[in-house]
Amino acid sequence: MTALLELRGVDAAYGATAVLRSVTIEVPEGGMVALLGANGAGKTTTLRAICNMGVRVRGEIRLAGQRIDGQPTESIARRGIGHVPEGRGTFLSLTVEENLRLGAYLRRDRGVAGDLTRVFGYFPVLKKRLHQQAGTLSGGEQQMLAIGRALMSRPRLLLLDEPSFGLAPILVQEIFRILKVINQEERMSILLVEQNARLALELVGQVFLLETGQVVASGSPQQIGADEAVRRAYLGQ
Amino acid sequence: MQAFWHQLLSGLAMGSTYASVALALVMIFKATHQVNFAQGELAMFSTYVAFWLTGAGVPYWAAFLITLSFSFVAGLAIERILMRRIQHASPLTAVIVFIGLLVIFNSMAGWIFSATTQVFPSPFDGPHAWYGSVYLSPHEVGMIGMTLVVLTIVFVFFRFTRLGLAMRAAAENPQSSRLVGIRVGWMLALGWGLASALGAVAGMMAAPKLGLEPNMMGGVILYGFAAALLGGIDNPWGAPIGGFIVGVLENLAGAYLVGSHLKQTLALAVIVAVLVFKPSGLFGRTVVVRV
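Residues numbered from 1 in each chain as written. Chains lettered and ligands numbered in written order. Predicted model: local features only at pLDDT ≥ 70, side-chain atom pairs only at ≥ 80, totals over all residues. Heavy atoms only, no water.

Trainee: How would you explain the overall build of chain A if you had to name every residue and give the values?
Mentor: Counting its regular elements, chain A contains 10 helices and 10 strands. At 17 Å, chain A has a C-alpha radius of gyration in line with the 18 Å of a compact globule built from 237 residues. Along the first, second and third principal axes, the C-alpha atoms of chain A reach 50 × 40 × 35 Å. Out of the 237 residues belonging to chain A, those deemed buried represent 57%. Put simply, of all contacts in chain A between residues at least 6 apart along the chain, 67% involve residues at least 24 apart. A total accessible area of about 10,000 Å² is found for chain A, and carbon and sulfur atoms account for 48% of it. With 28 positive and 23 negative side-chain charges, chain A shows a spacing of 3 Å between the two charge centroids. (Helix = DSSP H or I, 4+ residues; strand = E, 2+ residues; numbered from the N terminus. Rg over C-alpha atoms; globule rule 2.2 N^0.38 Å. Buried < 20%, exposed > 50% of the residue type's maximum accessible area, 1.4 Å probe, protein only. Contact = heavy atoms within 4.5 Å. Areas by Shrake-Rupley, 256 points an atom, 1.4 Å probe, with all protein chains shown as cover. Lys, Arg positive; Asp, Glu negative; His and termini not counted. Charge placed at Lys NZ, Arg CZ, Asp CG, Glu CD.)

Written out as structure tokens, the structure reads:
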């Protein structure tokens, strides 16, 4: 498999505060990869570094072989990375429909209406809330809206920052089930950042484990899940 | 009674100018949380450009459109060249830059076009103007109509076009906007261009009534602030309504309450009253947030 996204020896810092040190990660084309680690390990910073959002980055970041590090965030989005950011990034005063249409901002093709239907297929509740102000949605609904917004751009690679954050367990399972469908049926590559390691391990093909800004382990979920130290530290077993 | 209706309706006419200026202020405020003190002087300078063009023999509506393009480009350029350099500076820096722009445009107008008051033509006056009456002069009818048309165009643009939606998105959440591929910097510049063109319309509509001179917009911008605050500085729908209300208040109070010399004090009184009693304005919207 060829790598769609490659980070090679990436350092990242907020101002003078170094957060990532020599991080090397790969997401294969069509793959689903999880980035796990404790709070403050640098998971969100890794995603922010990929999209050049307010972090200073050194090292190489490639999308489909082409360097994207140092480019403005909007250009990286234009190259096909959809990012569901920490905090969901909802346009609170706009309607649900406007939020979704913004996801398709870059697209000029006629498939937008069809993709709206597709998103409603995954998240029927969004259709019911279509003309409501997005700020009035519940946390779970806003998470669905954020994923829907990212899907509307038909990205090659979807970055998800803790989609389970603050949601009821049943909703988390539903969202993870949908992510699996998106990955398998639409062949969309996904890089998932999660606190909920156990759920993530069931879902993905490969795992990278971050600790204080460094990748300390990587491998298949089976390998990672079998590692005694990892289990104790991250899976609470 | 006729005098009362005359005062009220011509208040709406001047109010239409305040409405445009207030909307221009709100557009920039929504996107940058800065209040553009130079908005009025920019409008005045644009009006001088129109004056110069009509003086050179360009037909009125052609001059009108050229002036709109000029002020759009000028607004765009100010944002791209000047404002973006100070976007991370303290709010006070922006205030100083705005005051600087105000002084520069004011002095440049006096320097280039002379400081004496000029008679600015109205496209609505003349023998064909059947729509004038004892209540409203043809020009006043025209300025109200023109403002309503312009406001409608602006709202349709923001409500129904892809670019308008992107501009609203960029104003509300720059980071998420970048993530969906919107060039936020250009959206801000576009907002400046539109606001500046809107101001130019206000200037060209007000000039036949006020007389064109470098300080023409001094009073208007004050009423514009009052209007924007009254309608809700965060609310693009409220600002124009605030403009019409302030225009009517100004005229009625000038005629029956405080006299024409104290009229401008009224604008300040409105500003103070809104800030003290209802800072969000009459139509200030609160965004409902659930977490």
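Next comes the rest of the write-up.
Trainee: Could you give me a rundown of the pairing of strand β2 (residues 17–28) of chain A, with the residues and numbers involved?
Mentor: Where a strand is regular, its side chains alternate between the two sheet faces. Residues and elements named next belong to chain A. Relative to β2, strand β1 (residues 3–14) runs antiparallel, the two sharing eight bridges. The residue bridging A3 from the neighbouring strand is P28, located in β2. The hairpin turn running from β1 into β2, its antiparallel successor, is two residues long, and G15 in that turn takes a positive phi close to 60 degrees. (Pairing = 2+ DSSP bridges.)

Trainee: Let's hear about the interface of chain B and chain A: which residues, and what values?
Mentor: If you look at the interface, chain B gives 24 residues, while chain A gives 31 residues. Across the chain B to chain A interface the summed buried area is about 2,500 Å²; carbon plus sulfur atoms make up 55%. Along the contact surface separating chain B from chain A lie three salt bridges. The salt bridge partner of R178 of chain B is E74 of chain A, with a shortest N-O separation of 3.9 Å. (Buried area = accessible area lost by both parts, 1.4 Å probe. Salt bridge = Lys/Arg side-chain N within 4 Å of Asp/Glu carboxyl O.)

Trainee: Go over the pattern of salt bridges with me, naming the residues and quoting the values.
Mentor: All names here are of chain A. Counting across every chain of the model gives 20 salt bridges over all chains. For R58, the salt bridge goes to D11, with nearest N and O atoms at 3.5 Å. Placement of R58 in strand β4 (residues 56–63) and of D11 in strand β1 is noted, with a sequence separation of 47 residues between them. With relative accessibility at 24%, the residue D11 sits in the partly exposed group. One salt bridge connects R101 with E97, and the closest N-O pair in it is separated by 3.4 Å.

Trainee: With reference to specific residues and values, describe the sheet that holds strand β3 (residues 32–37) of chain A.
Mentor: All names here are of chain A. With mixed pairing, the six strands of this open sheet are ordered in space as β6-β7-β8-β3-β9-β10. Of all strands in the sheet, those with a lone pairing partner are β6 (81–84) and β10 (214–219), marking the two edges. Neighbour-to-neighbour, the strand axes of the sheet open up by a mean angle of 15 degrees, direction not taken into account. The sheet contact formed by β6 and strand β7 (residues 157–161) spans four bridges and is parallel. (Axes fitted to C-alpha atoms, helices over the stretch in contact; angles between N-to-C directions.)

Trainee: With reference to specific residues and values, describe the environment of D109 of chain A.
Mentor: Residues and elements named next belong to chain A. Relative to the assigned elements, D109 resides in the loop between α3 (96–103) and α4 (112–122). A polar contact of 2.8 Å, which involves the side chain of D109, links it to the side chain of R107. One polar contact links the side chain of D109 to the main-chain amide nitrogen of G111, over a distance of 3.1 Å. (Polar contact = N/O pair within 3.5 Å; in protein donor to acceptor, adjacent residues only side chain to side chain.)

Trainee: How would you summarise the packing of helix α2 (residues 39–55) of chain B against helix α3 (residues 60–82) of chain B if you had to cite specific residues and measurements?
Mentor: All names here are of chain B. Axis separation between α2 and α3 bottoms out at 9 Å; the angle between their running directions is 145 degrees. Here α2 and α3 pass one another in a crossing that is right-handed. Contacts between α2 and α3 involve L42, F45, S46, V49, A50, L53 and T54 on the former and, on the latter, Y60, A63, I66, T67, F70, S71 and I78. Looking at the contact of α2 with α3 residue by residue, the classes come out as 10 nonpolar, four polar and no charged. (Left-handed = near helix turned anticlockwise from the far one by under 90°. Nonpolar A, V, L, I, M, F, W, Y, C, P; charged D, E, K, R; others polar.)

Trainee: Please provide a residue-by-residue account of the packing of aromatic side chains, values included.
Mentor: A complete count under the given rule lists 18 aromatic pairs over all chains for this structure. Residues F45 of chain B and F105 of chain B carry aromatic rings whose centres are separated by 5.4 Å and whose planes lie at 65 degrees to one another, so their mutual orientation is edge-to-face. In this pair, F45 of chain B is assigned in helix α2 and F105 of chain B in helix α4 (residues 91–113), connecting sequence segments 60 residues apart. You can call F45 of chain B buried: its relative accessible area is 8%. Here the aromatic rings of Y60 of chain B and W61 of chain B are separated by 5.1 Å at their centres, their planes lie at 85 degrees, and the arrangement is edge-to-face. A residue is classified by how much of its surface remains accessible, and Y60 of chain B, at 15% relative accessible area, is buried. Here the guanidinium or amino end of R80 of chain B rests over the ring plane of W186 of chain B, the centre of that ring lying 4.4 Å away. In this structure, R162 of chain B is placed above the aromatic ring of Y105 of chain A, and the distance from its NZ or CZ to the ring centre is 4.4 Å. (Phe/Tyr/Trp six-rings, centres within 6.5 Å; stacked < 30°, edge-to-face > 60°. Lys NZ or Arg CZ within 6 Å of the ring centre and 35° of its normal.)

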